[in-house]
Amino acid sequence: MPCQKDQELKKHVEYAKQFTKEGKVATYIPELGKANPNDLSIAIHFPDGRCISAGDITKKFTLQSISKVVALAYVLMDRGFDYVFERVGMEPTGDPFNSIVRLETMDVAKPLNPMINAGALVVTHMIDGETVEERLQKLLTFTRELAGNEQIDFNPSVAASEFETANLNRALCYFLKQHQIITEDVETLIDLYTKQCAIEMNCLDLARIGLVFAMNGVDPETGKQIMPDGVARICKTFMVTCGMYNASGEFAIKIGIPAKSGVSGGIMGAVPGRLGIGIFGPALDEKGNSVAGMKLLEHLSKSYQLSMF
Ligand code: GLU
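Residues numbered from 1 in each chain as written. Predicted model: local features only at pLDDT ≥ 70, side-chain atom pairs only at ≥ 80, totals over all residues. Heavy atoms only, no water.

Caption draft 1: Geometry of helix α1 (residues 7-17). Among all positions in α1, only Leu 9, His 12, Val 13 and Ala 16 are buried. The arc enclosing the buried residues of α1, seen along the axis, measures out at 100°, which places them on a common side. For α1, the exposed residues set more than 90 degrees away from the buried face come down to Gln 7 and Lys 11. Its buried side turned inward, α1 meets β2 (41-45), β3 (51-54) and α13 (291-304). Its side-chain oxygen placed 3.2 Å from the backbone nitrogen of Glu 8, Asp 6 serves as the N-cap of α1. (Buried < 20%, exposed > 50% of the residue type's maximum accessible area, 1.4 Å probe, protein only. Helix = DSSP H or I, 4+ residues; strand = E, 2+ residues; numbered from the N terminus. Arc of directions from axis to C-beta. Contact = heavy atoms within 4.5 Å. Polar contact = N/O pair within 3.5 Å; in protein donor to acceptor, adjacent residues only side chain to side chain.)

Dropping the structure here:
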């Protein structure tokens, strides 16, 4: 789909851009520390094929936690509702995304939801296949279909950078393995998970994926049902209840758009039945959300009545 630069959207971006200086780029994955904290770009896809944008939308970024939504949709389609939710819960936590605390204090060491790292690692564990390469290809094929872009791939430098430093995620995996929630080799799972998180795209691709979720799984160009309606609804519900880490409640009240953020500064939004949003703004607040991206969404939601509530 062609995407038009939009003057009105540009003004909203210029307003929100002043907040980039309040945040910091993530550095715990060293490769992410190379991002320019002043960047802010957005694309919006509509069901009729229109697309509008502002900022440098050619910049690529890795999905990081946004990949958790795509992986969840994939395993729900491949394994079914019961299999998935026997192994991961449906409740928000209010804890930071990489917290280990609930695994120990809950009766069963089953992660509370698929949007925190513990739950996302369980979801990635469910991606079936003989090798990491085969499992990653399945996820990439699905991601490419959602984005309508065959060129999408993962960024090997970012994946390697996270693999080197992912000791907290390794700790979560060992805990889960002790309780037989995962059964595979931890290094293999971390290898696949870090490559999944390093899947790379630009705002246009992300907005297109957001639109497929907004349209309950229907490809806006071909009309094809890429994922069942029910799967898209489950993913959107998780985006509302836990998509913005432990700021999800405030985000729902102030903005009211199903959304998922990642520590690279990406935010995917899916306004039900109306539009898909892709934002890139790598300066993050203390909870891990794009500072300027959140301001931009808040501004847009108020200006165009985007809240679903
Ligand atoms: N790959 C990152 C991690 O597991 C994703 C975190 C995020 O984007 O919230 O730490």
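Caption draft 2: Just the sheet that holds strand β6 (residues 199-201), in detail. Across the sheet, three strands lie side by side as β4-β6-β5; this open sheet has antiparallel pairing. The open sheet terminates on both sides in strands that have one partner only, identified here as β4 (61-62) and β5 (153-154). (Pairing = 2+ DSSP bridges.)

Caption draft 3: Here's a closer look at the state of the cysteines. For the structure on display, the rule yields one disulfide. The disulfide that involves Cys 3 links it to Cys 51, with 2.1 Å between the sulfurs. On the sign convention where negative is left-handed, the bridge of Cys 3 and Cys 51, at about -65° about the S-S bond, is left-handed. Here Cys 3 is found in the segment before β1 (4-5), whereas its partner Cys 51 is found in strand β3, with 48 residues between them in sequence. There is no disulfide at Cys 197, and the cysteine sulfur nearest it, in Cys 173, is 11 Å away. Between Cys 242, a cysteine without a disulfide, and Cys 235, which holds the nearest cysteine sulfur, the sulfur-to-sulfur distance is 11 Å. (Disulfide = S-S within 2.5 Å.)

Caption draft 4: Geometry of the packing of helix α7 (residues 156-165) against helix α9 (residues 186-197). Contact geometry for α7 and α9: axes closest at 8 Å, N-to-C directions at 140°. On the basis of their axis angle, the class for α7 and α9 is oblique. Note on packing geometry: the crossing formed by α7 with α9 is right-handed. Where α7 abuts α9, its residues Ala 159, Glu 162 and Phe 163 lie against Glu 187, Ile 190, Asp 191, Tyr 193, Thr 194, Lys 195 and Cys 197. (Axes fitted to C-alpha atoms, helices over the stretch in contact; angles between N-to-C directions. Parallel < 35°, antiparallel > 145°, perpendicular 65-115°, else oblique. Left-handed = near helix turned anticlockwise from the far one by under 90°.)

Caption draft 5: A look at the pattern of salt bridges. Per the stated rule, a full pass over the model turns up 16 salt bridges. Between Glu 221 and Arg 208 there is a salt bridge whose closest N-O contact spans 2.5 Å. Of this pair, Glu 221 sits in the loop between α10 (203-214) and α11 (229-242) while Arg 208 sits in helix α10; the two residues are 13 residues apart in sequence, bridging distant segments of the chain. For Glu 221, a relative accessible area of 48% puts it in the partly exposed group. (Salt bridge = Lys/Arg side-chain N within 4 Å of Asp/Glu carboxyl O.)

Caption draft 6: How the structure looks around the environment of Ala 270. With respect to the helices and strands, the residue Ala 270 is situated in strand β8 (residues 266-271). In this structure the C-alpha to C-alpha distance between Ala 270 and Ile 257, which are 13 residues apart in sequence, comes to 6.6 Å. Filtering out sequence-adjacent residues up to four positions away, Ala 270 remains in contact with Gly 210, Phe 213, Ala 214, Lys 236, Met 239, Ile 257, Pro 258 and Leu 275.

Caption draft 7: Fine view of the site of the ligand. With respect to spatial proximity, twelve residues lie near the ligand, and among them Tyr 28, Gln 64, Ser 65, Glu 162 and Tyr 245 are the closest. In this structure, an oxygen atom belonging to the ligand sits 2.5 Å away from a side-chain N or O atom of Tyr 28. If the ligand stood free it would expose 290 Å²; the protein chains cover 99% of that surface. Its residues placed into classes, the shell around the ligand shows six nonpolar, five polar and one charged. (Near = heavy atom within 4 Å. Areas by Shrake-Rupley, 256 points an atom, 1.4 Å probe, with all protein chains shown as cover. Nonpolar A, V, L, I, M, F, W, Y, C, P; charged D, E, K, R; others polar.)

Caption draft 8: Geometry of the pairing of β2. The element β2 is largely enclosed, with a buried count of five among its five residues. Residues Ser 41, Ala 43 and His 45 of β2 are buried on one face, and the alternating residues Ile 42 and Ile 44, pointing to the opposite face, are buried as well. Bridge count for β2 against strand β9 (residues 275-280) is five bridges, and the pairing is antiparallel. Bridge pairing in β9 links Ile 44 to Ile 277. Where β2 meets β3, four bridges bridge the pair, whose relative direction is antiparallel. Bridged to Ile 44 within β3 is Ile 52. Taking the residues between adjacent antiparallel strands as the criterion, β2 and β3 are bridged by five residues, where Gly 49 takes a positive phi near 100°.

Caption draft 9: Structural context of the nonpolar core. The biggest cluster of nonpolar side chains holds 75 residues, and the ones touching the most others in it are Leu 72 and Phe 213. Not counting residues within four places of it along the chain, the set of residues in contact with Leu 72 comprises Val 84, Pro 114, Met 115, Val 123, Cys 235 and Phe 238. Counting 25 residues, the second-largest nonpolar core is a separate cluster that includes Val 13, Ala 292, Leu 296 and Leu 297. (Core = buried A, V, L, I, M, F, W, Y, C linked by side-chain atoms within 4.5 Å.)

Geometric values such as these leave the question of function open.
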